[in-house]
Amino acid sequence: WLGEMVFPRFGIIMVDKLGLHLVGADFFNPIQIITYMFLHDSGNILHILFNMFTLWMFGRILEFSVPGKRIWLIYIVGGLTGAFFYLVAGCFSDDPRILCGASASVVALMTAAGMRSPNMVVRLWLIGDVKLKWIVVAGVVLLFIGAGGGGLWAHLGGLCFGIFSQLPVFSRTS
C-alpha cells in the first residue's frame with residue numbers, strides 16, 4: 001500500500017506491474033497470480049484496513065486449532081483460487097479492471113474459521129456476544145455487496161476454497 005503511494009513518483013505504477021490483469025491484456029504476467037494478493041490500492045485505505053483486521057481476527061481463531069503452515073496454505077491457495085475465478089470470469093466479461101488485494105485469501109481464512117468453530121462466541125464491541133457463524137455470514141454478505149467486477153469472483157473463489165479447506169479430505173490432521 002505504501003509502495004503504491006511512493007513508487008509513482010519514480011514512474012513505477014505498481015498496479016500495472018503486480019496487479020492481476022486478464023490473460024491477453026498488455027500488462028499480464030503469470031507472476032501476478034501471486035503478487036496481486038500482496039498489493040492494495042493506495043486510494044482505498046479501508047480496503048487494506050478491513051483486510052488486516054479480518055486477517056488478524058480470523059487468523060487468531062484458526063491459530064488455536066490449525067498448524068501455522070496450514071494457515072499459510074489456506075491463505076495462499078485461497079488467493080490463488082480467487083485469481084483463478086477472476087481469470088475464468090474475465091473470459092466472459094469485457095471488464096478491464098485490475099485485481100489487487102488480499103480479499104480472496106482473507107475470505108478463505110474467514111470461511112475456514114467459521115466452518116471450524118461455527119458456535120464459538122465472539123464478543124463484539126457495541127453489539128455483544130455473537131456466534132462466529134453469524135459474523136462470517138455477515139462478513140460474506142458485506143463483501144459481496146461491496147465487491148464489483150472481478151472482486152466479486154475473487155471473493156467467491158476465496159469462499160469456495162475456505163469451505164473446501166475444512167472438508168475431511170483436505171483438513172485431516174495425519
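If you're wondering where the values come from, they're calculated on a predicted model, not measured in any experiment. (Residues numbered from 1 in each chain as written. Predicted model: local features only at pLDDT ≥ 70, side-chain atom pairs only at ≥ 80, totals over all residues. Heavy atoms only, no water.)

Participant: Provide a residue-level description of helix H4 (residues 45-63), including the pertinent values.
Facilitator: Given a rise of 1.5 Å per residue, 19 residues ought to cover 27 Å, and the 26 Å separating the end C-alpha atoms of H4 matches this to within 8%. Taken as a whole, H4 has its buried residues at His-47, Ile-48, Asn-51, Thr-54, Met-57, Phe-58, Gly-59, Ile-61 and Leu-62. On its buried side, H4 packs onto helix H5 (68-90), helix H6 (103-116), strand E1 (121-124) and helix H7 (132-146). (Helix = DSSP H or I, 4+ residues; strand = E, 2+ residues; numbered from the N terminus. Expected span 1.5 Å × (residues − 1). Buried < 20%, exposed > 50% of the residue type's maximum accessible area, 1.4 Å probe, protein only. Contact = heavy atoms within 4.5 Å.)

Participant: Describe in detail the packing of H5 against H6, supporting the description with residues and values.
Facilitator: Packing of H5 against H6 leaves a shortest axis separation of 7 Å and a crossing angle of 125°. Judged by the inter-axis angle, H5 sits oblique to H6. Two packed elements cross with a definite hand, and for H5 against H6 that hand is right-handed. Here H5 contributes Ile-71, Ile-74, Tyr-75, Gly-78, Gly-79 and Gly-82 to the contact with H6, which in turn contributes Ala-104, Ser-105, Val-106, Ala-108, Leu-109 and Ala-112. Across the contact of H5 with H6, the residue classes tally to eight nonpolar, four polar and no charged. (Axes fitted to C-alpha atoms, helices over the stretch in contact; angles between N-to-C directions. Parallel < 35°, antiparallel > 145°, perpendicular 65-115°, else oblique. Left-handed = near helix turned anticlockwise from the far one by under 90°. Nonpolar A, V, L, I, M, F, W, Y, C, P; charged D, E, K, R; others polar.)

Participant: Can you tell me about the environment of Asp-129, naming the residues and giving the values?
Facilitator: Position of Asp-129 among the secondary structure elements: in strand E2 (residues 128-131). Leave out the neighbours within four places in its chain, and Asp-129 touches Val-121, Val-122 and Arg-123. At 2.8 Å, the side chain of Asp-129 forms a polar contact with the side chain of Arg-123. (Polar contact = N/O pair within 3.5 Å; in protein donor to acceptor, adjacent residues only side chain to side chain.)

Participant: An account of the pattern of salt bridges is needed here, citing residue identities and associated values.
Facilitator: Considering all chains together, one arrives at two salt bridges under this definition. Among the ionic pairs, Glu-63 bridges to Arg-60, the shortest N-O distance being 3.2 Å. Placement of the pair is Glu-63 and Arg-60 together in helix H4, with a separation of three residues, close to one helical turn. For Glu-63, a relative accessible area of 46% gives the class partly exposed. Residue classification places Arg-60 among the partly exposed positions, given a relative accessible area of 40%. (Salt bridge = Lys/Arg side-chain N within 4 Å of Asp/Glu carboxyl O.)

Participant: Which residues make up the pairing of E2, and what are the values?
Facilitator: The sheet contact formed by E1 and E2 spans four bridges and is antiparallel. Bridging across to E2, Val-121 finds its partner in Lys-131. What sits between the antiparallel neighbours E1 and E2 is a turn of three residues, in which Leu-126 has the positive phi angle 70°. (Pairing = 2+ DSSP bridges.)

Participant: Give a description of a nonpolar patch on the surface that names residues and reports values.
Facilitator: Together, Trp-134, Val-137, Val-141, Leu-142 and Ile-145 make up a nonpolar patch on the protein surface, roughly 540 Å² of accessible area in all. By the secondary structure assignment, Val-141 is in helix H7. Take Val-141: its relative accessible area is 43%, and that puts it in the partly exposed class. (Patch = residues over 30% accessible without salt bridge, like charges linked within 9 Å, V, L, I, M, F, W, Y side chains within 5 Å. Areas by Shrake-Rupley, 256 points an atom, 1.4 Å probe, with all protein chains shown as cover.)

Participant: I'd like to hear about the packing of aromatic side chains, residue by residue, with values.
Facilitator: Under the counting rule described, the total for this entry stands at five aromatic pairs. Aromatic side chains Phe-84 and Phe-85 sit 6.3 Å apart centroid to centroid with 70° between the ring planes, which places their arrangement in the edge-to-face category. By way of ring pairs, the aromatic residues Phe-38, Trp-72 and Tyr-75 are connected into one cluster. (Phe/Tyr/Trp six-rings, centres within 6.5 Å; stacked < 30°, edge-to-face > 60°.)

Participant: Outline the nonpolar core, listing residues and values.
Facilitator: Membership of the largest hydrophobic core comes to 25 residues, with the highest contact counts inside it found for Phe-58, Leu-62 and Leu-132. At the level of elements, H4, H5, H6, H7 and helix H8 (150-164) are the ones that each hand at least two residues to this core. The biggest single contributor to this core is H6, with seven residues. (Core = buried A, V, L, I, M, F, W, Y, C linked by side-chain atoms within 4.5 Å.)

Participant: Lay out H6 with the relevant residues and their values.
Facilitator: Its 14 residues place the ends of H6 20 Å apart at the C-alpha level, agreeing with the 20 Å of an ideal helix rising 1.5 Å per residue. Counting buried residues along H6, twelve of its 14 residues qualify, which places the element largely inside the surrounding structure.

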